[in-house]
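The primary structure of each chain is shown beneath.
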Amino acid sequence: MSPETSPEYSVVSYGRELADAYLGRVQQAVAAAGARIVELENAEGDGYVVSKLFVTYDGPLAALRTAVTAAAAAALDGGAAPAQSAVVPASLVEPGRKLLVMDVDSTLIKQEVIELLAAHAGREAEVAAVTEAAMRGELDFAQSLHARVKTLAGLPESVIAEVGTRIELSDGAEALVKAFLSAGHAVAVVSGGFNQVLAPLASALELTYARANQLGVENGVLTGSVTGEVVDRAVKARSLREWAAELDIRLDQTIAVGDGANDLDMLAAAALGVAFNAKPAVQAAADAVLNLPSLDVVQHFVKL
């Protein structure tokens, strides 16, 4: 295949700073893998810098990722400032509408909503411990959710609105959503949290889709249960596929972002699965790892 007809990938490096030694190692690895660098683009955001290599490449994506990962590790071992690199598939570099699907708790927002609610019942520490174990994949998500929600039984429904006022978006979250939507792409969220808290946030951000669990409420009081289907890892992955189909967006033009074990199937279903300040098992499974507080780095994984 000639360079003019070879698929074009991007190799994206990012960090609070990017050392020349780090970028040099990555570029050398890209060339050694048989890729041809056709364009270099630099960008910066609030607290981070990005360097993007656009390359033509005829080999397997996995081989290029392995080469770049090894080069990045070698640079860090050599004393380069902390940084990370991701190889983005050609389908996300080429033109076409994209779909970005994100987890909510500890991804789109900084907190875990169930813990904020549990604080009203004096059970925050207990619930936080269960949440951590579930996110590490040590507990069945549905079982852990039911156990945690049970602690909320008897709380007045008004605590939902109060918790909603305490929600903080992750750094760069609003900028990321606006960048994708203004470029004509779609943005959705799917959460193991609760629709009563998510719906106002989704409306304010003008998200394309939003899905979460529904807290049971009777006579103005939380019942300690969820109604309907639990949004677990299978439902998250199914949501991504359903929304892509409804929007007539190919699966290879989707991106998923999450931080816990409940997100693993969704990350695997997308063309690019991004682990955002995630648990080790999620980082190991993801296509890209983002260990910066700035969620808007994700916008640099596509050509907006």
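Located above this text is the structure these notes cover.
Residues numbered from 1 in each chain as written. Predicted model: local features only at pLDDT ≥ 70, side-chain atom pairs only at ≥ 80, totals over all residues. Heavy atoms only, no water.

**Some words on the pattern of salt bridges**
So, step 1. Throughout the structure, instances matching the rule amount to 18 salt bridges.
So, step 2. Among the salt bridges present, the one from arginine 136 reaches glutamate 138, with a minimum N-O distance of 2.8 Å.
So, step 3. Taking relative accessible area as the criterion, arginine 136 reaches 38% and is therefore assigned partly exposed.
So, step 4. Given a relative accessible area of 52%, glutamate 138 falls into the exposed group.
So, step 5. Two residues, arginine 233 and aspartate 265, come together in a salt bridge whose shortest N-O distance is 2.9 Å. Of this pair, arginine 233 sits in helix α11 (residues 233-246) while aspartate 265 sits in helix α12 (residues 264-269), and the two are 32 residues apart along the sequence.
So, step 6. Classification of arginine 233 as partly exposed rests on a relative accessible area of 34%.
So, step 7. Three or more residues joined by partner-sharing salt bridges are found here, namely Glu132, Arg136, Glu138 and Lys279. (Salt bridge = Lys/Arg side-chain N within 4 Å of Asp/Glu carboxyl O. Buried < 20%, exposed > 50% of the residue type's maximum accessible area, 1.4 Å probe, protein only. Helix = DSSP H or I, 4+ residues; strand = E, 2+ residues; numbered from the N terminus.)

**Digging into the packing of aromatic side chains**
So, step 1. Within the structure shown, the criterion is met by three aromatic pairs.
So, step 2. With centroids separated by 5.6 Å and ring planes inclined at 70°, the aromatic side chains of tyrosine 14 and phenylalanine 301 adopt a geometry described as edge-to-face. Placement of tyrosine 14 in strand β1 (residues 8-15) and of phenylalanine 301 in the segment after β11 (288-290) is noted, with a sequence separation of 287 residues between them.
So, step 3. A relative accessible area of 1% means that tyrosine 14 is categorised as buried.
So, step 4. Look at tyrosine 209 and tryptophan 243: their rings are 5.1 Å apart centre to centre, the planes differ by 5°, and that puts the pair in the stacked class. With tyrosine 209 in strand β7 (residues 209-218) and tryptophan 243 in helix α11, this pair connects stretches of sequence that are 34 residues apart.
So, step 5. In this structure tryptophan 243 comes out as buried when scored by relative accessible area, which is 2%. (Phe/Tyr/Trp six-rings, centres within 6.5 Å; stacked < 30°, edge-to-face > 60°.)

**Some points on the packing of helix α1 (residues 20-32) against helix α2 (residues 61-77)**
So, step 1. Their axes nearest at 8 Å, the elements α1 and α2 cross at an angle of 155°. Put simply, α1 runs roughly antiparallel to α2. Viewed along their axes, α1 and α2 form a crossing whose handedness is right-handed. Contacts between α1 and α2 involve Ala21, Tyr22, Arg25, Val26, Ala29 and Val30 from the first element and Leu64, Ala67, Val68, Ala71, Ala72, Ala74, Ala75 and Leu76 from the second.
So, step 2. The residue makeup of the contact of α1 with α2, split by class, is 13 nonpolar, no polar and one charged. (Axes fitted to C-alpha atoms, helices over the stretch in contact; angles between N-to-C directions. Parallel < 35°, antiparallel > 145°, perpendicular 65-115°, else oblique. Left-handed = near helix turned anticlockwise from the far one by under 90°. Contact = heavy atoms within 4.5 Å. Nonpolar A, V, L, I, M, F, W, Y, C, P; charged D, E, K, R; others polar.)

**Considering helix α6 (residues 124-135)**
So, step 1. In this model α6 runs 16 Å from its N-terminal to its C-terminal C-alpha over twelve residues, within 8% of the 16 Å that 1.5 Å per residue would give.
So, step 2. Turning to α6, its buried residues are Val127, Thr131, Ala133, Ala134 and Met135.
So, step 3. As for α6, its buried residues are in contact with α5 (113-119) and α7 (141-150).
So, step 4. Just downstream of α6 lies glycine 137, where phi reads positive at about 90°. (Expected span 1.5 Å × (residues − 1).)

**Some words on the side chain of serine 13**
So, step 1. Positionally, serine 13 belongs in strand β1.
So, step 2. Residue serine 13 is classed as buried on the basis of its relative accessible area of 2%.
So, step 3. A distance of 2.7 Å separates the side chain of serine 13 from the side chain of serine 85, its partner in a polar contact.
So, step 4. Other than its neighbours up to four places away in sequence, serine 13 contacts Leu18, Tyr22, Leu23, Val26, Val49, Val50, Ser51, Gln84 and Ser85. (Polar contact = N/O pair within 3.5 Å; in protein donor to acceptor, adjacent residues only side chain to side chain.)

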